[in-house]
Amino acid sequence: MSRLSFRTLLRIWPWALGGGLMGAVVAYGLSQLVTPLYQSTSVLYYALSFGNTASDLSQGSSYTESQMLSFGELVTSQLVLDRVIERESLPLTSHELANQVSVATPRGTMIMQITVSSASPELAARIANAIADEQRQAVESIAPRKESGDSTVTVRLIEEGVPAAYAYTPNTRLNMLLGGFVGLILVGGIVLLVRLLDQRIKSSEDLERVTQRPFLGAIRDIEQGEGKAMVMLQDPTSLVAEDFRQLQANLRYATMSKQPVVLVVSSAVSGEGKSTIAINLATVLAESGQKVLLIDADLRRPRVAEYAQVEGSVGLTDVLVGQQTLADAVQPLGDSGVTVLTSGPMPPNPGELLGSAAMSGLLARASKEYSTVVVDTAPVLAVADAAMITHKADGLVLVTRNRKTTTTSLEKCVAQLDSAGVNIFGLVLNGARRGRDKNLKYYEYTPSRQPGNRPHATQPAAGTASAVVDAAHEPAGDADPAAATGDATAQVSLFPDDADLLAAPDDLSLDDGADLAADEWDGAGEPGADDPMAEADESAVGSDEPSGEDGAAQDTGERRPRTRRTQVLSKASEG
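1. Observations concerning the overall build of the chain
Then, number 1: The helix and strand inventory of the chain stands at 22 helices and 12 strands.
Then, number 2: At a minimum sequence separation of 6, the contacts of the chain that also span at least 24 residues come to 72%.
Then, number 3: About 30,800 Å² of surface is accessible on the chain, with carbon and sulfur atoms providing 53% of the total.

Below is the structure:
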């Protein structure tokens, strides 16, 4: 059973809140289905009119108070209600009307409150007043009489019943509050109970609490499908690939950077993604410059050949029985730098082969040729293959899966490995659910510059001395005249092979624009002089020695684009 923690309570409150809202909505709906009832109350006062002395009055008051319960019973009797039914022409029996009448006599008083409930507020008021009138007549008729023949008990109506403005039932607000509270407690309690009884692993804290072993890393859920298991090859810039790089970094500390090292990758039960972890772990180890061999030692349900999309007809089984050598059975895993030894044909005795001396010799030879050997093997609780192979290796990486691996199976798995004396490097949580952190999106990128494609410079503002544009990729008609002429600013490409192209006006081609710039900025500084750039384009071989009476540089030989760009930039700085 998971421990009750603050994080558990935080995860429960949305469910509890939803249950409260649902309960309030249900209570509101039920309240709308109930017929509203209205109440009206009439009030009677009873007094004993016998005697004039204080003693007589006190005795009369005590007598009247003691008779109030009897008078209350008289209200709901047929003597009173039959007269009311006849008087108001009610389609009710005396018993049905009695269910709508309630009588209250406050203790220590001679006051009686007669309350009537009805779907009509006006009808409730009429019935309450009618009952009060008939009650007065009934009491005075049956009470003891004086010598004069008058009744000794006098009943007075001190408050008439009036139509109610609001229904007393249903109380929609109260019902919604009660429904919301019940829903909150009910749903919250059920969710809490489910979480407390849930034995699935859902976080790294669960792993450390259950196993007391190092946590190596969490891997996000990998998309299923043919060839999609090799994340490090297909999408090396994804967040999942970064998870594997973090795993590789943590594993380096767990193994104390030992070289060579033989790692066994396994899990407690099947379906936890151990083969996928093994393939990508081998790939990320090779990415760091290590020479890696990946061995599929799961001779019962091999998956490496299928996931890595390599030929699996020849493999480990052939090497162990002596039909193939290690060098002949291995094959490269694309251009990842990983060498793969698949499982090969499924043998009838996989346990004997994996525990044989041939397997020990194979791992020893592999350790001499490779810096890291990653071995994918069968689940620990299914068979004893993992324990047998790990005895021949340096340690084991135990893979668990989020919301699949249970604490019971994990505890049993670790206990079984401990009893076998297996060195557990640490645990990996596969299929982890990461929070939606906006900062993580910074690392989920796609390279903007692919091999063979050159990025273009952003067009800067015109008139700045550092304004640069890629003229080789922009049509002459789209060039910005202000950028070309505004402050005599030269605009050239970022790349050497485009440096001989200048930004030109809309009505000129790139060549014309270059000639125009050369005419304006010739060697003598006079417009209309011979274009040295054009001469350089026409001449294939010549001399770069300076000539002329004033010693000015006159290029008559082969001119390279970089020389022309230097001229243009120097003229721009002078302007």
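2. Remarks on the side chain of S336
Then, number 1: Looking at the element boundaries, S336 is found in the loop between β8 (331-332) and β9 (338-341).
Then, number 2: A relative accessible area of 11% places S336 in the buried class.
Then, number 3: Polar contacts involving the side chain of S336 include one to the main-chain carbonyl oxygen of L333, which spans 2.6 Å.
Then, number 4: Among the polar contacts listed, one links the side chain of S336 to the backbone nitrogen of V338, at a separation of 3.3 Å.

3. Describing the pairing of strand β2 (residues 101-104)
Then, number 1: Direction of pairing for β2 relative to strand β3 (residues 111-118): antiparallel, over a ladder of 4 bridges. Bridge pairing links V103 to I114 in β3.
Then, number 2: In textbook terms, the turn of a hairpin is the stretch between consecutive antiparallel strands, and for β2 and β3 this stretch comprises 6 residues, one of which, G108, has a positive phi near 80°.

4. Some points on a nonpolar patch on the surface
Then, number 1: Side chains of F181, V182, L184, I185, L186, I190 and V194 sit close together on the surface and give an oily, nonpolar patch of about 670 Å² of accessible area.
Then, number 2: Within the fold, I185 resides in helix α7 (residues 172-197).

5. Quick word on helix α11 (residues 274-287)
Then, number 1: The first and last C-alpha atoms of α11 sit 20 Å apart over 14 residues, in line with the 20 Å expected at 1.5 Å per residue.
Then, number 2: Judged by how many residues are buried, α11 sits mostly within the fold: 13 of 14 residues are covered.
Then, number 3: A positive phi of about 100° marks G289, the residue just after α11.

6. Observations concerning the pattern of salt bridges
Then, number 1: Going through the model one piece at a time under the given rule, you end up with 18 salt bridges.
Then, number 2: With a closest N to O distance of 2.8 Å, D133 and R87 form a salt bridge. Here the residue D133 occupies a position in helix α6 (residues 121-142), and R87 occupies one in helix α4 (residues 78-88), the gap between them amounting to 46 residues.
Then, number 3: The class of R87 is partly exposed, set by a relative accessible area of 43%.
Then, number 4: A salt bridge links R200 to D198, with the shortest nitrogen-to-oxygen separation between them at 3.2 Å.
Then, number 5: Overall, D198 belongs to the buried group, its relative accessible area being 14%.

7. Quick notes on the packing of aromatic side chains
Then, number 1: Under the defined criterion, the tally for this structure stands at 1 aromatic pair.
Then, number 2: Their ring planes at 10° and their centres at 5.0 Å tell us that Y46 and F71 sit as a pair that is stacked. Of this pair, Y46 sits in strand β1 (residues 38-48) while F71 sits in helix α3 (residues 68-75); the two residues are 25 residues apart in sequence, bridging distant segments of the chain. Per residue, the accessibility class of Y46 equals that of F71, and both read buried.
Then, number 3: The ring of Y253 carries R252 above its face, with NZ or CZ at 5.3 Å from the centroid.
Then, number 4: Between the NZ or CZ atom of K291 and the centre of the ring of Y370, over which it lies, the distance is 5.1 Å.

8. A look at the environment of R252
Then, number 1: Relative to the helices and strands, R252 resides in helix α10 (residues 239-254).
Then, number 2: For R252 and L216, which are 36 residues apart along the polypeptide, the C-alpha to C-alpha distance reads 9.8 Å.

9. Details of the confidence of the model for the chain
Then, number 1: The pLDDT averaged across the chain works out to 78; a share of 71% of its residues lies at or above 70.
Then, number 2: Segment residues 436-575: pLDDT under 50, and 150 contacts once partners within four positions in sequence are set aside and those in other chains are kept.

10. A short note on the side chain of T255
Then, number 1: By the element assignment, T255 lies in the loop between α10 and β6 (261-267).
Then, number 2: Relative accessible area serves as the criterion here: at 12%, T255 is assigned to the buried category.
Then, number 3: A distance of 3.3 Å separates the side chain of T255 from the backbone oxygen of R252, its partner in a polar contact.
Then, number 4: Apart from the residues lying within four places of it in its own chain, the contact partners of T255 are V261, L263 and F425.

11. Quick word on the packing of α10 against α11
Then, number 1: With their axes 9 Å apart at the nearest point, α10 and α11 run at an angle of 75° to one another. The angle between α10 and α11 places the two elements in the roughly perpendicular class. Two secondary-structure elements touch here, α10 through F244, R245, L247, Q248 and L251 and α11 through I277, N280, L281, V284, L285 and E287.
Then, number 2: The residue makeup of the contact of α10 with α11, split by class, is 7 nonpolar, 2 polar and 2 charged.

12. Considerations on the sheet that holds strand β11 (residues 395-401)
Then, number 1: The strand order across the open sheet built from 8 strands is β5-β12-β11-β6-β10-β7-β9-β8, with neighbouring strands paired in mixed fashion. Each edge of the open sheet is held by one strand with a lone partner, namely β5 (215-220) and β8.
Then, number 2: As paired strands, strand β7 (residues 292-296) and strand β10 (residues 372-376) are joined by 5 bridges and run parallel to one another. Residue pairing for β10: D296 is matched across the bridge by D376.
Then, number 3: Strands β5, β11 and β12 (424-432) of the sheet are contacted by helix α8 (residues 204-211), whose axis makes an angle of about 145° with β12.
Then, number 4: Those strands touched by α10 are β5, β6, β11 and β12, and its axis lies near 170° from that of β5.

13. Topic: the nonpolar core
Buried together is how nonpolar side chains tend to be arranged in soluble globular proteins.
Then, number 1: The biggest cluster of nonpolar side chains holds 43 residues, and the ones touching the most others in it are L316, L341, V373 and V375.
Then, number 2: In contact with V373, other than residues within four places in its own chain, are V261, V262, L263, L293, I295, L363, A366 and S367.
Then, number 3: One finds A278, L285, L294 and V338 within the second-largest nonpolar core, a separate group that totals 35 residues.

14. Things to note about the sheet that holds β2
Then, number 1: Ordered by their spatial adjacency, 4 strands build an open sheet running β2-β3-β1-β4, and the pairing between neighbours is antiparallel. Each edge of the open sheet is held by one strand with a lone partner, namely β2 and β4 (153-159). Along the sheet, successive strands turn relative to each other by an average axial angle of 25°, direction set aside.
Then, number 2: Relative to the sheet, α3 contacts β1, β2, β3 and β4, its axis offset from that of β3 by approximately 25°.
Then, number 3: Lying over the sheet, α6 contacts β1, β2, β3 and β4, oriented at roughly 20° with respect to β1.

Conventions used here
- Residues numbered from 1 in each chain as written.
- Predicted model: local features only at pLDDT ≥ 70, side-chain atom pairs only at ≥ 80, totals over all residues.
- Heavy atoms only, no water.
- Helix = DSSP H or I, 4+ residues; strand = E, 2+ residues; numbered from the N terminus.
- Contact = heavy atoms within 4.5 Å.
- Areas by Shrake-Rupley, 256 points an atom, 1.4 Å probe, with all protein chains shown as cover.
- Buried < 20%, exposed > 50% of the residue type's maximum accessible area, 1.4 Å probe, protein only.
- Polar contact = N/O pair within 3.5 Å; in protein donor to acceptor, adjacent residues only side chain to side chain.
- Pairing = 2+ DSSP bridges.
- Patch = residues over 30% accessible without salt bridge, like charges linked within 9 Å, V, L, I, M, F, W, Y side chains within 5 Å.
- Salt bridge = Lys/Arg side-chain N within 4 Å of Asp/Glu carboxyl O.
- Expected span 1.5 Å × (residues − 1).
- Phe/Tyr/Trp six-rings, centres within 6.5 Å; stacked < 30°, edge-to-face > 60°.
- Lys NZ or Arg CZ within 6 Å of the ring centre and 35° of its normal.
- pLDDT = per-residue confidence, 0-100.
- Axes fitted to C-alpha atoms, helices over the stretch in contact; angles between N-to-C directions.
- Parallel < 35°, antiparallel > 145°, perpendicular 65-115°, else oblique.
- Nonpolar A, V, L, I, M, F, W, Y, C, P; charged D, E, K, R; others polar.
- Core = buried A, V, L, I, M, F, W, Y, C linked by side-chain atoms within 4.5 Å.

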